[in-house]
Every structure is written in C-alpha cells, then in structure tokens.
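Single-letter residue listing:
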Amino acid sequence: MQAQRRRYGRGDWILAPAGGGARSGEDGASGMGRRRRRVGRKDAAGALPEAIAALSRTLPAGPSPETFRRAKFNLPEAVPALWRLLFCLLSQLRANSAPASLAPDAQARWVKSALRAQGYPRRGLAQLPEDGSRGSRELLLALAWLLARGPLLERLLARTRVRLGDEMPVCECEALASPGLQAARAGAHGPVDVRYVQWLVGELRFRWRKLMASQQEQCALLGKVHLYTCGCHSDHSLGHLSVIETELLRDPEAGQQLLRRLQSESARLEAALEWRRRELVFWQWMDTVLDACPPESSWPTFPPRIPERGADELELAARELQALQEELRAATETRRAAWAARVGGLGPEWSAAQQASREAVGRELAALRQAWRRDGGRAQPRPHGPHRLVRSEAAMLGGPGLRAAEVIGVLRSREACLEATLRRLQGQCRQALARLAGALPGFIWILPPGR
C-alpha cells in the first residue's frame, strides 16, 4: 500500500498547477462543465486515487485506479478493461441490452453504436480499432461524458437494487401526442400480402390476451400470499409478507444469499456517497486529460457552466434568442400560408381531418388547463416508477402512497381518451378507403364486418 501511494504521489496523479495549462484552475473548469475550486498538489495526490477507487466500486466491473492512470497516458494496457466497462454500463442502461456473451470486437462495435445513438460528439471513438490495441484515452473521455451528462450512478443503483417487496410499475405521465393517419408507403421489399398483415394482427391479439391472462393470474396469486400472511410482518404499516419474504420462510438457506446481495448493495451505496464527496478532484483531473488530447473540431458536450459574473452575457444571449424567435415566427407564418394555399384544393376530406386535429388539440389544451387549475398553478409530479403493493382494509387507509381506486380511475379516463382517438382514426381510414373506391370504378370493395 505504501508503494502504491508513492506511485500515486508522482506527477502521473498530480493535477495541473494553479498557474499552468490552458484549463488550469477556474479556467479549466469550463472544459468539463462543472464549477471547481483550486485543490492543492498534496491534497489532490491522495484524494484522486480514493475518488477513482470509490467510482470503480460503484460501477459494474469497475477497473482499478491504475487503469485510469494508464488511460490518461493512452497506454494500451487499459483498453480491454475500459471497453468492458463501457459495455457493461450501456447494456444495463438500455432497454434492449446486448447479450453478455459477445466477443470483445463485437462488444466494441456495440459500444460505438450505443454512444453514437446517444449523441457522443467525438469522432476519435468511432475511428478506434476494435481489437483493443489502442485508444484508452478516448475511452476514458467517453466514460467521463456518460458521467457528466446525467445521473448515471443513480440510474445504475436503481436498476440493480434488491427488491424485497412486491412491486408494480405505475405511470400517470400524460402522453399529449395525437398521432395522425400517416400516408401509406411501400416497403423496401415490395408490396405486403394482406393475409400476412391479418396474421400479424391475430398474433398480436393472441399475445395480448395471453399477457393479460398471465398478469391476472399473477395478481390473484399475490392477493392470496398477502391475505394468508396478513399480520405476520413486523412493520404494522405493511401488515403482510411479500413473495420474497415468504420464500425465506420456506427456504431459510436463501436468506444467506439475500444477505450477501444486501451487503453488496450497501457497499455500492457507500461507495457512491464517497464518490459524491470526492467528485470534484476527479473532474479537475479530467481537465488535465483533455489537455493531453490532440485538438479536435468538436469537444465533448459536457453540461455548460454558468459563470458567477455573467449577467451581461446572459442578457445578450436573451436578446439574441428573442430575435431568433421573431425570425422563426415570421418564417413559420410564411410557410404556413404557402402550405394552406397548396393543400386548399385537396377536397373536403382534408378539411375534415384538419378540423378533427384541431378539436383533438383543443381537448388536450382544455385538459391541461383543468389540471393546472386543480393543482393550484403548481406542477405536481405524477406517479412514475415501481410502487410496492400493500393490502389494507378500507378502515386502515392512511399515510403516503397511491390508492388502487385512484389509479384505476386515471387508467379508465385514459382508456376513454384512447378509444376516442381510435374511433377518429377509424373514421379517417374509412374516408381513405372510400376515396380509393371512388378512384377505381371497376372494383367492388367489400369491407370486413365490424367487431
């Protein structure tokens, strides 16, 4: 340990001095988009490896601080560990995660594609070889970009947390987009057989019914477990056991495995807290990494830092933004008038579709105004995410949480809105079919019976 600390105390780990470098001190803070204060050379030598060690314990498959030091100097020994770390991070954050059994070169290609889809701006990453021979500094910059652009660690900890209770995802976020009827386009492989489309619709309907049946069976089994274990929980606000807690009663040996998982999660949470306390030193060190990079046309887009004495700059930017808004409004009105003159001769069908769209937008605006008045002019956060299921009697309701009756009411109102949108889209489809039937007088169109 003493030898390791002596190595960390060399110039490899020391931050840039207060007066040297293009991004040193307060000027260098703008490179990573964070507000920084000066840190002494002696303090940084010891705090930096501890901060990186805390970050490594928080991340999945986190490399050692020595790997970060080698990546600063673009040494090839750090490349495989950083490719593996980025692959683990991105695969856990994305919904369609890649299989873990991919080869290293396939993992590198998948990481490049995922970062490009998220808007990573540096071209140097896309030009790296996929055999892991070089490019550790570029990979370190990509990791810092992921850390700086959003709550990465919070999302990872939320995804990998140990769930002791029976949870159900609840989302009451408003979806205001009203999709219209898109124009029919021929596929890349030619026309599509109608029978194949009918088979796809039947397959989708069958899988939907199967999913609904499985969810109803799961809810019934959860209700039985909650009813049979009522009064067994030590927490009186819950009153019953969850499925995992019931399994622990049946198989006590599984408690040791659950205990190890909880201990691992606690260690990661402690490491995340330590990383938050020492995060500032890491970003100052990343400024020195940016100094060592060759110049490129587009630097990583970290969140911008607002200067302390930038009122004049903000006022100038506000005036420029207002001028751009006026210019955009004028261009929009001109284009809208030209578009109205162009589509004016499409007939009554277009006018009816336009009127229906205006009415849908009006209904959505009325619903927004009503919700705004109900909330007293304050934006109330809507429930989103998993919630623990708790069975309780009507006389024992109280405390924070969602009520099943309230959620059911919201879902029913949303179902009514979706049914109205479906009927509107069906009407547009009938009008389109009638227009096609009028264009082909030699054909007889027989519509399928309504369900």
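Residues numbered from 1 in each chain as written. Predicted model: local features only at pLDDT ≥ 70, side-chain atom pairs only at ≥ 80, totals over all residues. Heavy atoms only, no water.

## A look at the side chain of Glu-138
Stage number 1. Relative to the helices and strands, Glu-138 is located in helix H8 (residues 136-149).
Stage number 2. Classification of Glu-138 by relative accessible area gives buried; the value is 13%.
Stage number 3. Those residues within four positions of Glu-138 in sequence are excluded, and the remaining contacts are Tyr-120, Arg-122, Gly-124, Leu-125 and Leu-128. (Helix = DSSP H or I, 4+ residues; strand = E, 2+ residues; numbered from the N terminus. Buried < 20%, exposed > 50% of the residue type's maximum accessible area, 1.4 Å probe, protein only. Contact = heavy atoms within 4.5 Å.)

## Re the packing of aromatic side chains
Stage number 1. Tallying each qualifying case throughout the model produces six aromatic pairs.
Stage number 2. Seen from their ring centres, Tyr-120 and Trp-145 are 5.2 Å apart, and the 75 degrees between their planes marks the pair as edge-to-face. Within this pair, whereas Tyr-120 is found in the loop between helix H6 (104-117) and helix H7 (123-126), its partner Trp-145 is found in helix H8, the two being separated by 25 residues in sequence.
Stage number 3. Accessibility expressed as a relative area gives 9% for Tyr-120, which makes it buried.
Stage number 4. Measuring from ring centre to ring centre gives 5.3 Å for Phe-282 and Trp-283, while their planes differ by 75 degrees; the resulting arrangement is edge-to-face. Each member of the pair, Phe-282 as well as Trp-283, is classed as buried.
Stage number 5. Taken together, the ring pairs in this structure connect Trp-275, Phe-282, Trp-283 and Trp-285 into an aromatic cluster. (Phe/Tyr/Trp six-rings, centres within 6.5 Å; stacked < 30°, edge-to-face > 60°.)

## Observations regarding the environment of Glu-270
Stage number 1. Its place among the elements puts Glu-270 in helix H12 (residues 254-292).
Stage number 2. Between the alpha carbons of Glu-270 and Ala-54 there is a distance of 8.6 Å; along the sequence they are 216 residues apart.

## So, the pattern of salt bridges
Pairing between side chains of opposite charge can happen when their charged atoms approach one another.
Stage number 1. Here the structure, examined in full by the defined rule, presents 14 salt bridges.
Stage number 2. Arg-69 serves as the salt-bridge partner of Glu-66, at 2.6 Å between the closest nitrogen and oxygen. Of this pair, Glu-66 and Arg-69 both sit in helix H4 (residues 65-72), three residues apart, roughly one helical turn. Across the pair, Arg-69 and Glu-66 agree in class, each one buried.
Stage number 3. Among the ionic pairs, Lys-112 bridges to Glu-130, the shortest N-O distance being 3.8 Å. Of this pair, Lys-112 sits in helix H6 while Glu-130 sits in the loop between H7 and H8; the two residues are 18 residues apart in sequence, bridging distant segments of the chain.
Stage number 4. Lys-112 gets classed as buried once you look at its relative accessible area, which sits at 10%.
Stage number 5. By relative accessible area, which is 28% here, Glu-130 ends up partly exposed.
Stage number 6. In this structure, a network of salt bridges that share partners links the residues Glu-50, Arg-57, Glu-274 and Arg-278. (Salt bridge = Lys/Arg side-chain N within 4 Å of Asp/Glu carboxyl O.)

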